[in-house]
Amino acid sequence: MNEGDLLSRRSRVGSNTPQEERSGRIAVVGGGAVGSLFAASLASRGHSVLLCSRNPTHVLHVESLGRTLDVHVEGTRDPNSVSASVPWIVLATKTYDSGSASRWLSALSNASSVIVAAQNGIDHVERISPLANDATVLPALVYANVERTGPGQIVHRAGTRIACPRGPHTEHLQELLGNEILSVESVDDFHTASWLKLLGNLAVNPLTALTERRLDVLEIPRVHDLAIAIVNEAAQVARADGARIGEAEVDSVIASLGSYPATAGTSMLHDRLAGRPLEIEAMVGVVLQRAQQHSIGTPVLSALRALLLAVSE
């Protein structure tokens, strides 16, 4: 059973949520680049936003696609300060921090809540459901290049799309976010979409982190060729895992490598420069695990993981 099937089965419970249960305060767990962008997008739409992070802020300064705005949010670092559950929660922590976010999810959610899992990797529903306090988990793929440049400060350089499985909860999220900073798109085959997003991440995140360079590193022919080899190798695993990825889809991922500004960074690069853990297992390890299950050789990805573990240590 894939992620879309699991979501569909869970979404049948509470899909006719009353309007009053879909309004009110919205919580964002994780004050990094993606979490701050979600918080700013929601607050700019007039929603009351509770931003839950280690270093809470009450004002977000956002440079987004050529415009600048300051938005006000409520910030907290203590799950015990939460007095009531909320109907919507955006989980935007790193994948390796999912377990530590359980205290927040326990305090914020109930069986009527929807948790938007805005994280890297695949298998969002399987990863978050055990922590979800019976809430519905809505997986989300974030196609935005955004960097946290300081406390409460983010730079949004490119991309506005959020992809979620087609269904009523995705429609409600579309209403909440509108389309000013972030816009939500419904997809029918979320399993394939999540693998395609992972292919794009694999092509750029490890290489920028290892070289400590921004996306201009892909202008070096040998590095660009290595990115192509990474995508092709991972695509074999994706197909074996049930994703509908043909040559056209692979070519599209490769073509997209030049769609972001050369000065843009990646989440893995920013994590390495800041001395934070790297999302090695969510991006590379999971592919190697599936490759082993399907008896597929992955020499390039195996070498990539070994190098990432070395620099991480």
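Predicted model only: the values in this text are computed from it and were never measured. (Residues numbered from 1 in each chain as written. Predicted model: local features only at pLDDT ≥ 70, side-chain atom pairs only at ≥ 80, totals over all residues. Heavy atoms only, no water.)

1. Considerations on the packing of helix H7 (residues 190-211) against helix H11 (residues 280-293)
So, point 1. At their nearest, the axes of H7 and H11 sit 9 Å apart, and the two run at 120 degrees to each other. One element, H7, and the other, H11, form an angle in the oblique class. Taken as a pair, H7 and H11 cross one another with a handedness that is left-handed. Together, Trp195, Leu198, Asn201, Leu202, Asn205 and Pro206 of H7 and Ala282, Met283, Val284, Val286, Val287 and Arg290 of H11 make up the contact between the two elements.
So, point 2. Split by residue class, the contact of H7 with H11 holds 9 nonpolar, 2 polar and 1 charged. (Axes fitted to C-alpha atoms, helices over the stretch in contact; angles between N-to-C directions. Helix = DSSP H or I, 4+ residues; strand = E, 2+ residues; numbered from the N terminus. Parallel < 35°, antiparallel > 145°, perpendicular 65-115°, else oblique. Left-handed = near helix turned anticlockwise from the far one by under 90°. Contact = heavy atoms within 4.5 Å. Nonpolar A, V, L, I, M, F, W, Y, C, P; charged D, E, K, R; others polar.)

2. Observations concerning the confidence of the model for the chain
So, point 1. Per-residue pLDDT for the chain has a mean of 91; in total, 93% of the residues score no lower than 70.
So, point 2. Every residue in residues 1-23 scores below 50 in pLDDT, and together they form 42 contacts with partners more than four places removed in sequence or on other chains. (pLDDT = per-residue confidence, 0-100.)

3. Here's the deal with the pairing of strand E3 (residues 59-64)
So, point 1. Residue alternation in E3 divides its side chains into a buried set, Leu60, Val62 and Ser64, and an unburied set, Val59, His61 and Glu63.
So, point 2. Pairing geometry for E3 and strand E4 (residues 67-72), over 6 bridges, is antiparallel. Bridging from a neighbouring strand, Val62 pairs with Leu69 of E4.
So, point 3. Hairpin connection from E3 to E4: 2 residues lie between these consecutive antiparallel strands, with Leu65 at a positive phi of about 50 degrees.
So, point 4. Pairing geometry for E3 and strand E9 (residues 153-165), over 4 bridges, is parallel. Each bridged residue has a counterpart across the sheet, and for Ser64 the counterpart in E9 is His156. (Buried < 20%, exposed > 50% of the residue type's maximum accessible area, 1.4 Å probe, protein only. Pairing = 2+ DSSP bridges.)

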